[in-house]
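If you want the building blocks of each chain, they are given just below.
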Amino acid sequence: MIITVTLNPSVDRTVDLSQPLRRGEVQRASGTRQDPGGKGVNISRALTASGEQTVALAPGDAADPLFTGLDAAGVRYENVPLGAPLRSNITITEPDGTTTKINEPGPPVDQDTVERIVERIVARGAGASWLVCAGSVPPGPAPDIYAVLAARVKGALGAAAPLLALDTSGQPLYEALTPGLPVLPDVIKPNGFELAESLGRTDGAVFESDPRAAAEAAQELVARGVGAVLCTLGGNGAVLVTPEGAWHAVHEPVTVRSTVGAGDSALTGYLVAAQRGDVPSECLRQAVAHGSAAASLPGTQMPTMAQTRPDAVQVTDLGLPPVERGSTHPGAADDAAASPSRTDQTPAGPDAVLDLSDGTSGARRAEPRS
Ligand SMILES: O=P(O)(O)OC[C@@]1(O)O[C@H](CO)[C@@H](O)[C@@H]1O
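Please read all numbers here as calculations on a predicted model, not as lab measurements.

The helix and strand tally for the chain stands at ten helices and 14 strands. The buried share of the chain, reckoned over its 370 residues, is 55%. Accessible area of the chain: about 14400 Å², with a carbon and sulfur share of 51%.

Okay, here's the thing in structure tokens:
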């Protein structure tokens, strides 16, 4: 069983244009589709499509189109009523494959709602293999919400706590990777830009085109205590870095219909393979197979296992020396100074309070793909 948490879920509307987008003009769409969205929601959809047990936890009212969409797809979820409609995120696709995505900030999520989500994680967590926290932070929670949430779950469940997968960006990702935290993720899934951001660097474009540079940077996070870094690199495949080694994988070319949700699908592939006990390089193979399969489907559609082609993925050992997980002395690798907006705070412990006083929304930065 894999629990996903999406604090800022969405209804994803995809609008297809048969002509290039002309700003400032009225254009007619050649097609539209609507999918339940938000990163954790997508992961639960992809897990369900692959026959895996999952429950998606998210704020939102039962009648919201997000949940009627999940009902229709047979995806198990638990919603915590919000009293406000969820956001709609818009994707515009052009004939040459250009994708433009506009994400709303989402409705505010208050402390009580987050507390109720934590209660549900704790109630189900002992029987789960993974807890996946994914997506941006809506208005309300402080940017260290994922660090706090992880500490709370670990504090409540101890050794029975599920492994933690984190897929977020900007300040919430940065805060969750602070050296010295009692709980660091067992896997994170940044893209090249987010990997750079998480280290307080600005050279993400280099990582997107240079898998080895991305892997070397990811080793810094493993040395800090992160279990594995699965970094997706768009058309350049993905790298996986663990304490044991680093691998790069690429898929045979596919016709790309929509990259929205491809990263979520990639993390799903990794989790499914990790859960069945695959070695890291095979987990990476399944991740890239899942990501590419999603990219070849329209809208935010998630592939079934049968639609993935692990045989079309070439995996290469990058030959980097092993790194000891958590070998960096807490604080020694703290790039805090490099993050101008980083909040100064003590690491979140098991009794950490869900501080919602900072209304910062951890909106994902402008990104070429998700
Ligand atoms: O605004 P966030 O939370 O960063 O991302 C939300 C989102 O872009 O991510 C998914 C694709 O990964 C979409 O279903 C959804 O619209």
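This part is about the UniProt feature "domain: Carbohydrate kinase PfkB" (unreviewed entry) in the chain. In the numbering used here, UniProt assigns the feature "domain: Carbohydrate kinase PfkB" (unreviewed entry) to residues 6-303. Secondary structure across residues 6-303 divides into 38% helix and 20% strand, with the first and last C-alpha atoms of the span separated by 20 Å.

Right, let's get into helix 10 (residues 280-295). Compared with an ideal rise of 1.5 Å per residue, which puts 16 residues at 22 Å, helix 10 spans 23 Å between its outermost C-alpha atoms and is within 8% of the ideal. Counting buried residues in helix 10 gives 13 out of 16 residues, a clear majority hidden from the surface.

Turning next to the layout of surface pockets. Reported here for the second largest pocket is a volume of approximately 430 Å³. Counting only elements with at least two residues in the lining of the second largest pocket, the list comes to strand 13 (246-251), helix 9 (262-275) and helix 10. Among the elements that make up the lining of the second largest pocket, the one with the highest residue count is helix 10 (five residues). Looking at the lining of the second largest pocket residue by residue, the class counts come to eleven nonpolar, ten polar and two charged.

Analysis parameters
Residues numbered from 1 in each chain as written. Predicted model: local features only at pLDDT ≥ 70, side-chain atom pairs only at ≥ 80, totals over all residues. Heavy atoms only, no water. Helix = DSSP H or I, 4+ residues; strand = E, 2+ residues; numbered from the N terminus. Buried < 20%, exposed > 50% of the residue type's maximum accessible area, 1.4 Å probe, protein only. Areas by Shrake-Rupley, 256 points an atom, 1.4 Å probe, with all protein chains shown as cover. UniProt positions renumbered as here; feature names shortened; annotations may be inferred. Expected span 1.5 Å × (residues − 1). 1 Å grid on protein atoms, 1.4 Å probe; cavity = no way out; pocket = protein on both sides within 12 Å on 5 of 7 lines; lining within 4 Å. Points joined across faces, edges and corners; volume = space filled by probe spheres on them. Nonpolar A, V, L, I, M, F, W, Y, C, P; charged D, E, K, R; others polar.

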